[in-house]
Structures are given as structure tokens and as C-alpha cells.
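Each chain, written out:
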Amino acid sequence: MIADAAELRSILDFAVGIARKAGDITQRYFKGSFAVERKADNSFVTAADRETERFLRASIKEAFPDDAILGEEDGVKAGNSNRRWILDPIDGTYSFVHRVPLYGVLIGLEIDDEAVLGVVNLPALGEQVYAARNLGCFWNDKPAQVSSTESLSDALLLATDFSDCEQHGFGRAAEMLQKQVQARRTWGDVYGHILVATGRAEIMLDPIMNVWDCAPLLPILEEAGGTFTDWRGQRTIHGGNAISTNGRLFESVMSTIRKAE
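Computed from a predicted structure; not experimentally measured.

Draft legend 1. Unusual backbone geometry, seen in detail. Even without a glycine there, the phi angle at Asp 112 is positive, about 50°. By the element assignment, Asp 112 lies in the loop between β6 (104-111) and β7 (114-122). Judged by its relative accessible area of 36%, Asp 112 falls in the partly exposed class.

Printed below as a string of C-alpha cells:
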């Protein structure tokens with residue numbers, strides 16, 4: 001059973017608080033020095049990732065000992081409630097290790113297998129965006145909403161790297177969309193999706209995503225008035241890829257993808 005509004009607000013306040021503290025941990029490393037390692041998939045990992053996730057896990061376990069937890073670095077902690085927390089201690093680690101401030105701490109919550117709450121803290125930018133089902137979306141504690149742009153010809157299209165779309169089978173669709181929009185930029189990773197949620201861009205393409213990348217974004221985008229789906233247009237955090245839109249352009253984006261196929 002999904003929590004009532006008062007309970008969900010309380011859980012959201014808790015998640016916002018620990019995301020801020022987690023961001024402080026990452027900033028200590030970001031402004032200092034740290035060793036960089038490579039994981040099996042050749043992606044970066046640092047002590048900042050590990051310490052941040054340990055902090056988040058310990059905080060959740062203390063407050064909600066029965067809840068399950070899934071984290072990028074430390075895997076699964078089983079639970080016996082209907083809630084599962086999904087954590088990405090540093091999304092955009094490539095940016096982080098190069099001292100580029102476009103990284104975020106991500107916290108998502110599923111209740112009865114439905115993503116209902118999300119928090120994204122961008123500590124190096126001083127931005128935090130969060131949302132919960134039927135409670136709205138907030139950007140630095142003020143209401144956030146997507147843009148009102150209704151035409152692709154007026155839209156800003158984002159991706160972390162457009163060439164990744166080609167590598168994962170979406171190259172033609174990405175190419176067609178780039179030709180239809182007003183502008184395109186590579187303001188990527190979680191930051192791109194947050195730009196859509198806060199009305200600063202209209203479309204963000206991600207050809208490959210893990211569940212911990214997606215978990216907070218579905219409730220954030222939907223509560224801001226937009227859409228968060230996979231490339232087939234299904235609203236899910238388990239699709240393995242993702243597209244955020246301002247909602248008004250969703251059908252135009254999906255029509256272009258279908259034509260590309």
C-alpha cells in the first residue's frame with residue numbers, strides 16, 4: 001500500500017536531509033584529493049562513492065530498519081517492508097573525477113514496486129531537486145515545473161554523448177531529433193534530466209541507464225509535469241535506457257523514434 005500524504009512527506013523530508021549530508025561528504029573529496037579506480041565495466045569509482053553510500057545506507061537502516069536497500073556500490077540489503085531504497089552515491093563520476101561540478105547524489109524510493117519518491121542533490125552547483133507522488137516537485141525548496149515549449153523546432157535537446165546513442169542502437173533516432181530541434185547540448189548524466197524537470201531544457205536522451213540512475217527521476221519528472229520513460233515510451237525505471245521530456249513534446253519525440261525504426 002502506497003503511504004498516505006503525511007507519511008510520504010515525512011519520508012521525503014528525511015531523504016532530502018540525508019541527501020544534503022551525503023552531498024557534503026562528496027564535496028569534501030571533490031575539493032580535496034582522492035584515488036580513482038576502475039570497476040569491471042571500466043567505469044570510475046572512488047572512495048567518495050563508497051563513503052557516501054555507506055552513510056546513506058546507515059542512515060536509512062537506522063530510520064527504517066525493515067526497508068530493503070539497493071545501491072550501486074554495495075548491492076542489495078534485503079528487507080521485509082513494502083519499501084525499497086535505491087541509491088547512486090555519485091551519478092556522473094566521470095565529471096566528478098575531472099572536477100566538473102555536473103554530478104549528483106541520487107536517492108529513489110519504491111513502495112510496492114512503484115517509484116514514488118526521488119531526491120537529486122547537485123552539491124557542487126548548490127541545487128537540490130526532489131519530489132514525491134502527489135506532493136509536487138521542488139527545486140531548492142521552490143516549486144519546479146517543466147517548460148511550456150510545444151514544438152521541437154523550439155526545443156533544447158540534451159544527451160551525455162550523442163555518439164552513445166549510435167553505439168546502443170538509437171543512432172538514427174538521435175540524429176533525426178538533432179535535426180528537428182532548435183539546439184542540442186551535452187549537459188549530461190543526471191544533470192540533463194534535472195534541466196528538463198526544472199524547465200531549462202525539453203528533452204534528455206540516455207541510451208543506457210541502470211535502475212539506480214532512473215529511480216529518483218521518474219517521480220521528479222512526473223511531478224514536474226513531464227515524462228520519464230524508456231525509448232519505447234513505457235514509464236519505468238527498469239528499461240535499461242531513458243528519455244525525459246517536458247510532456248508536451250513526448251508524442252513528437254516518440255513519433256520520431258518510431259520513424260527511425
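Draft legend 2. Up close: the nonpolar core. Counting residues in hydrophobic clusters, the biggest one holds 36 residues, and the most contacted among them are Val 120, Ile 194, Ile 220, Phe 228 and Ile 237. Sorting the residues of this core by element identifies β7, β8 (127-132), β11 (156-159), α6 (189-197), α7 (211-214) and α8 (217-223) as the ones contributing at least two each. Sort the elements by how many residues they give to this core and α6 lands first, with 6 residues. Those residues in contact with Phe 228 that lie beyond four places of it in its chain are His 193, Met 209, Cys 214, Leu 217, Leu 218, Leu 221, Arg 235, Thr 236, Ala 242, Ile 243 and Ser 244. Judged by nonpolar contacts, the second largest core, of 27 residues, contains Trp 85, Leu 109, Ile 111 and Phe 138.

Draft legend 3. Examining the side chain of Glu 53 more closely. Position of Glu 53 relative to the elements: it lies in helix α2 (residues 47-63). Judged by its relative accessible area of 0%, Glu 53 is buried. Here the side chain of Glu 53 touches Glu 72 through a polar contact of 3.4 Å, landing on its backbone nitrogen.

Draft legend 4. The sheet that holds strand β10 (residues 142-143), seen in detail. Judged by pairing direction, the sheet is mixed, and its 8 strands sit side by side in the order β4-β3-β5-β6-β7-β8-β9-β10 without closing on themselves. Every interior strand has two partners, whereas the edge strands, β4 (75-77) and β10, have only one. Bridge analysis of β8 against strand β9 (residues 136-139) gives 4 bridges, and the strand direction is antiparallel. Note on β9: the bridge partner recorded for Ala 131 is Cys 137. Of the strands in this sheet, β5 (83-91), β6, β7, β8 and β9 are in contact with helix α1 (residues 5-30), which crosses β7 at around 35°. Packing against the sheet, α2 makes contact with β3 (68-71), β4, β5 and β6, and its axis sits at approximately 155° to β5.

Criteria and cut-off values
- Residues numbered from 1 in each chain as written.
- Predicted model: local features only at pLDDT ≥ 70, side-chain atom pairs only at ≥ 80, totals over all residues.
- Heavy atoms only, no water.
- Helix = DSSP H or I, 4+ residues; strand = E, 2+ residues; numbered from the N terminus.
- Buried < 20%, exposed > 50% of the residue type's maximum accessible area, 1.4 Å probe, protein only.
- Core = buried A, V, L, I, M, F, W, Y, C linked by side-chain atoms within 4.5 Å.
- Contact = heavy atoms within 4.5 Å.
- Polar contact = N/O pair within 3.5 Å; in protein donor to acceptor, adjacent residues only side chain to side chain.
- Pairing = 2+ DSSP bridges.
- Axes fitted to C-alpha atoms, helices over the stretch in contact; angles between N-to-C directions.

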